[in-house]
Amino acid sequence: LIHAGDLPAQTGLGASSAFSVGVINAIHKYKNIKINNFEAAKIALNLEQNILKEYVGSQDQIACANGGFNFINFNKNKISINNMFNKNKSAVKRIENHMVLFFTGIIRNSQIVEKDKLRKINSNDSG
């Protein structure tokens, strides 16, 4: 397995989650094991959050595994994913044709943000 990336680290574009989901899909394809998008996302979440012990959110893995323009709702025990354009390709094309992405040179460490969120959530649960 060889990986080469063009994006600088910590840009907030979800490249690490895209990589995790991509590797998980590649391994399953190689082993001829079928998994759906949500299963790929759950495996990526487990890999990043539990095995690697990284303080990362869950939205990037879900978004990368499913693709498209989605509304993702996180509840305590359930994640729901709703396609915002219901396969309206012309609406998606209009958005894509008017979208511009700039690298400002600003980076941030999402692990600090996520660790702080988890600390706040855990302190609210105990009190």
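A. Structural detail: the pairing of strand β2 (residues 79-83). Taken together, the five bridges between strand β1 (residues 70-74) and β2 define a ladder with antiparallel strand orientation. Within β2, the position partnered with Phe74 by the bridge is Ile79. As consecutive antiparallel partners, β1 and β2 are separated by four residues.

B. Quick look at the environment of Lys53. With respect to the secondary-structure elements, Lys53 resides in the loop between α2 (37-51) and α3 (59-66). With a relative accessible area of 60%, Lys53 lands in the exposed category. Separated by twelve residues in the primary sequence, Lys53 and Ala41 have C-alpha atoms spaced 16 Å apart. Engagement of the side chain of Lys53 in a polar contact is seen with the backbone oxygen of Asn50, the distance being 3.1 Å.

C. Here's a closer look at the layout of surface pockets. The calculated volume of the largest pocket comes to roughly 630 Å³. Secondary structure elements with two or more residues in the lining of the largest pocket: α1 (15-30), α3 and α5 (110-125).

D. Broad picture of a nonpolar patch on the surface. Together, Leu7, Leu13 and Leu101 make up a nonpolar patch on the protein surface, roughly 310 Å² of accessible area in all. As for its position among the elements, Leu101 is in the loop between α4 (89-97) and α5. The exposure class assigned to Leu101 is exposed, which follows from its relative accessible area of 66%.

E. Structural detail: the side chain of Ser58. As for its placement among the helices and strands, Ser58 is situated in the loop between α2 and α3. Side-chain polar atoms of Ser58 contact the side chain of Gln49, separated by 3.4 Å. Once you skip the residues sitting within four places of it in the chain, Ser58 turns out to touch Leu45, Gln49 and Phe74.

Each value, and the rule that gives it
- Residues numbered from 1 in each chain as written.
- Predicted model: local features only at pLDDT ≥ 70, side-chain atom pairs only at ≥ 80, totals over all residues.
- Heavy atoms only, no water.
- Pairing = 2+ DSSP bridges.
- Helix = DSSP H or I, 4+ residues; strand = E, 2+ residues; numbered from the N terminus.
- Buried < 20%, exposed > 50% of the residue type's maximum accessible area, 1.4 Å probe, protein only.
- Polar contact = N/O pair within 3.5 Å; in protein donor to acceptor, adjacent residues only side chain to side chain.
- 1 Å grid on protein atoms, 1.4 Å probe; cavity = no way out; pocket = protein on both sides within 12 Å on 5 of 7 lines; lining within 4 Å.
- Points joined across faces, edges and corners; volume = space filled by probe spheres on them.
- Patch = residues over 30% accessible without salt bridge, like charges linked within 9 Å, V, L, I, M, F, W, Y side chains within 5 Å.
- Areas by Shrake-Rupley, 256 points an atom, 1.4 Å probe, with all protein chains shown as cover.
- Salt bridge = Lys/Arg side-chain N within 4 Å of Asp/Glu carboxyl O.
- Contact = heavy atoms within 4.5 Å.

Purely geometric stuff here, so don't read any function into it on its own.
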